Amino acid sequence: MIVVASTNGIVGIDAAMRVLKAGGTAVDAVETGIRLVEANGDDHSVGYGGYPNLLGDVELDASIMDGATLAAGAVGALRNCVYAISVARKVMERLPHVFLVGEGAARFAREMGFDRVDLLTEEPQSVWENRLRRDLPAHVFEHLNQQPDLWRWVDVATDPEKAWGTVNFLAQDAEGQICAGASTSGWAWKYPGRLGDSPVIGAGVYADDRFGAAACTGTGEMAIRACTAHSIVFYLKMGIPLQDAGERAMRDLNDLGGAYLSDMNFIAIDRDGRHAGFMSGEVGAYLFMAEEMSAPEEAPRTRVELNKRWANRVQVQDAT
Ligand code: GLY
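Described in the following lines is the structure provided in the data block.

About the criteria used
- Residues numbered from 1 in each chain as written.
- Predicted model: local features only at pLDDT ≥ 70, side-chain atom pairs only at ≥ 80, totals over all residues.
- Heavy atoms only, no water.
- Axes fitted to C-alpha atoms, helices over the stretch in contact; angles between N-to-C directions.
- Helix = DSSP H or I, 4+ residues; strand = E, 2+ residues; numbered from the N terminus.
- Parallel < 35°, antiparallel > 145°, perpendicular 65-115°, else oblique.
- Contact = heavy atoms within 4.5 Å.
- Nonpolar A, V, L, I, M, F, W, Y, C, P; charged D, E, K, R; others polar.
- Near = heavy atom within 4 Å.
- Polar contact = N/O pair within 3.5 Å; in protein donor to acceptor, adjacent residues only side chain to side chain.
- Areas by Shrake-Rupley, 256 points an atom, 1.4 Å probe, with all protein chains shown as cover.
- Patch = residues over 30% accessible without salt bridge, like charges linked within 9 Å, V, L, I, M, F, W, Y side chains within 5 Å.
- Salt bridge = Lys/Arg side-chain N within 4 Å of Asp/Glu carboxyl O.
- Buried < 20%, exposed > 50% of the residue type's maximum accessible area, 1.4 Å probe, protein only.

**Remarks on the packing of helix 3 (residues 84–94) against helix 4 (residues 102–111)**
A pair of packed helices is captured by two measures, namely the crossing angle of their axes and the spacing between those axes. Interaxial distance between helix 3 and helix 4 falls to 10 Å at its minimum, and their mutual angle equals 85 degrees. Relative to helix 4, the element helix 3 is oriented roughly perpendicular. On helix 4, the residues touching Val 87, Lys 90, Val 91 and Arg 94 of helix 3 are Ala 105, Phe 108 and Ala 109. Partitioned by chemical class, the residues of the contact of helix 3 with helix 4 number five nonpolar, no polar and two charged.

In structure tokens, the structure reads:
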């Protein structure tokens, strides 16, 4: 049995392992671990206390995938509900669908009995306001919701440094069942309705008991375009060892064209419970906890450099 997580999973990894030790499934463990991160108001990249979108509304994305059946559930742009991962699990278990977004996802959450909660807390609200007051003309900021061309201001406000906060959990239970999950409030100051990779099966998460699982944090647009989580598991399926599979999937991102390429990170396990982490940045770690360990440990991620580039914002503004 093993649980692997991004470092912000520190508040949940112990509890996830306890679930496995008590005979719970990998799906139970991943949901338990992620819920504790979603409830952690000090983590501004996930759940309650997450950074809002451009209009100041917190919109959550999450998904979960059961490697035993390849069943999956996901929610995107979910408002007013802390436990996006649990709503995603309900989508997987209660509906013939995989993915709900926006108002439909919020309605389903109410129907499943989840409390309506205001997710925007004081500190993210003030970071949002200070940042936008600094970067946007006052008349635009004061009437942001009425802007007929809100899209123009996304490129001014979005910040690649605030693109990649997400929590990832992977678990393998006593039966060998594997689960992958991810949850995020997404890219800070994103255009309303923007979905990242975290709720997109194959992009932000993928799990298949026969081969392994992977989950991503980073610039979600890149993982969506390259189907990164699925690529890692697919490379495992091709018989490529875990370390090589991860490095290849990272290098694949260098094939992406365009002006908005930033950082990517992922964690992965193979079907034998081996684990690894990867990053494009300079420093990074991930957490793992095996059944015989009394506490989680950090392991370094392998660095694979990406050809990052970011649009010149003024040129983009003037180009139309
Ligand atoms: N990886 C999180 C996001 O792009 O929203």
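**Describing the site of the ligand**
Taken together, 10 residues lie around the ligand, and Thr 166, Arg 194, Asp 197, Gly 218 and Gly 220 are the ones closest in. A distance of 2.7 Å separates a nitrogen atom of the ligand from a polar atom in the backbone of Gly 218. Surface burial for the ligand is 100%, taken as the share of its 200 Å² of free accessible area covered by protein chains. Its residues placed into classes, the shell around the ligand shows two nonpolar, six polar and two charged.

**As for a nonpolar patch on the surface**
Side chains of Ile 10, Val 11 and Leu 36 sit close together on the surface and give an oily, nonpolar patch of about 240 Å² of accessible area. Mapped onto the elements of the fold, Val 11 is located in the loop between strand 1 (2–6) and helix 1 (13–21). Residue Val 11 is classed as partly exposed on the basis of its relative accessible area, which comes to 39%.

By themselves, these are just geometric observations and shouldn't be taken as functional.
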